[in-house]
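The lines below spell out each chain.
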Amino acid sequence: MKTITVSGAIILRENNGINEIFATQRGYGDFKGGWEIPGGKLEPGETPQQCIVREIREELATEVKPEKILGVVDYDYPTFHLTMHCILCTIVSGDLKLLEHEAAKWVNKETLHSVDWLPADQLILDKIEEIL
């Protein structure tokens, strides 16, 4: 089974005293319609932090600052193994334009489970709840 290594951005903001993260809905591929933390595949020689800065620039036209790795998720999908570096990020500049996703929303501790997260992303939700 092939392994795909990705970085996911847990983009955090404070809104009226409430912490929120940015959730995106896939607009393509086998998991179209599923919700995820945005991100993408590491390129050869790239660190997880470099990857997430590049991916968020490409997918959301936004500059983020990687703050820390919140966790690393390993999950076996039917046709591949996924290793996802989940990186807590803050926005440096940009307006989070949806260039590849179908939809997006900010979720907080109360609404975190209101979207249908992809299986691998579900494994980091406990750690996300701790920062929310």
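Scroll up a little and you will see the structure.
Residues numbered from 1 in each chain as written. Predicted model: local features only at pLDDT ≥ 70, side-chain atom pairs only at ≥ 80, totals over all residues. Heavy atoms only, no water.

**Student:** Would you take a moment to explain the overall build of the protein chain for this structure?
**Tutor:** Assigned secondary structure in the protein chain consists of three helices and seven strands. Ordered by position in the sequence, the α and β elements of the protein chain form the string β-β-β-β-α-β-β-β-α-α. Here the C-alpha atoms of the protein chain give a radius of gyration of 14 Å, agreeing with the 14 Å that 2.2 N^0.38 yields for 132 residues. Expressed as lengths along the three principal axes of its C-alpha atoms, the size of the protein chain is roughly 45 × 30 × 25 Å. Here the protein chain, with 132 residues, has 46% of them falling under the buried criterion. A fraction of 67% describes how many contacts in the protein chain between residues 6 or more apart in sequence connect residues 24 or more apart. With the model as given, the accessible surface of the protein chain reaches about 6800 Å², and the carbon-plus-sulfur share is 48%. (Helix = DSSP H or I, 4+ residues; strand = E, 2+ residues; numbered from the N terminus. Rg over C-alpha atoms; globule rule 2.2 N^0.38 Å. Buried < 20%, exposed > 50% of the residue type's maximum accessible area, 1.4 Å probe, protein only. Contact = heavy atoms within 4.5 Å. Areas by Shrake-Rupley, 256 points an atom, 1.4 Å probe, with all protein chains shown as cover.)

**Student:** Got a minute to help me understand the environment of K41 in this structure?
**Tutor:** Examined against the element boundaries, K41 turns out to sit in strand β4 (residues 39-41). Using a relative accessible area of 52% as the deciding quantity, one classes K41 as exposed. For the pair K41 and T5, spaced 36 residues apart in sequence, the C-alpha separation works out to 5.8 Å. The contacts of K41, once residues within four sequence positions are left out, are I4, T5, V6, E46, C51, R54 and E55.

**Student:** What's the story with the nonpolar core in this structure? I'm lost.
**Tutor:** Nonpolar side chains tend toward joint burial in soluble globular proteins. Counting residues in hydrophobic clusters, the biggest one holds 25 residues, and the most contacted among them are I10, I21, L82, M84, L112, W117 and I128. Mapped onto this core, the elements with two or more residues apiece are β1 (2-15), β2 (18-26), β5 (62-76), β6 (80-94) and α3 (125-131). Among the elements that make up this core, the one with the highest residue count is β6 (five residues). Discounting residues that sit within four places of it in the chain, L112 has contacts with I21, V107, W117, L125, I128, E129 and L132. Core analysis: the next-biggest nonpolar cluster, separate from the first, contains 11 residues, I11, I52, I56 and L60 among them. (Core = buried A, V, L, I, M, F, W, Y, C linked by side-chain atoms within 4.5 Å.)

**Student:** It is not clear to me how the pattern of salt bridges should be interpreted in this structure. Could you clarify?
**Tutor:** Oppositely charged side chains can pair when the atoms bearing their charge come close. Enumeration according to the criterion identifies eight salt bridges in this entry. Measuring nitrogen to oxygen at the nearest pair gives 2.6 Å for the salt bridge that ties E20 to R13. Note on R13: relative accessible area 31%, which makes it partly exposed. Among the salt bridges present, the one from E43 reaches R54, with a minimum N-O distance of 3.6 Å. (Salt bridge = Lys/Arg side-chain N within 4 Å of Asp/Glu carboxyl O.)

**Student:** How should I be thinking about the environment of K109 in this particular structure?
**Tutor:** With respect to the secondary-structure elements, K109 resides in the loop between β7 (101-107) and α2 (119-122). In contact with K109, other than residues within four places in its own chain, are E129 and L132.

**Student:** Looking at this structure, how should I read the environment of I87?
**Tutor:** Its place among the elements puts I87 in strand β6. Take I87: its relative accessible area is 0%, and that puts it in the buried class. Measuring from C-alpha to C-alpha, the distance between I87 and P48 comes to 8.1 Å, with 39 residues separating the pair along the chain. The contacts of I87, once residues within four sequence positions are left out, are S7, G8, A9, I10, P48, Q49, I52, P66, K68, I69 and L70.

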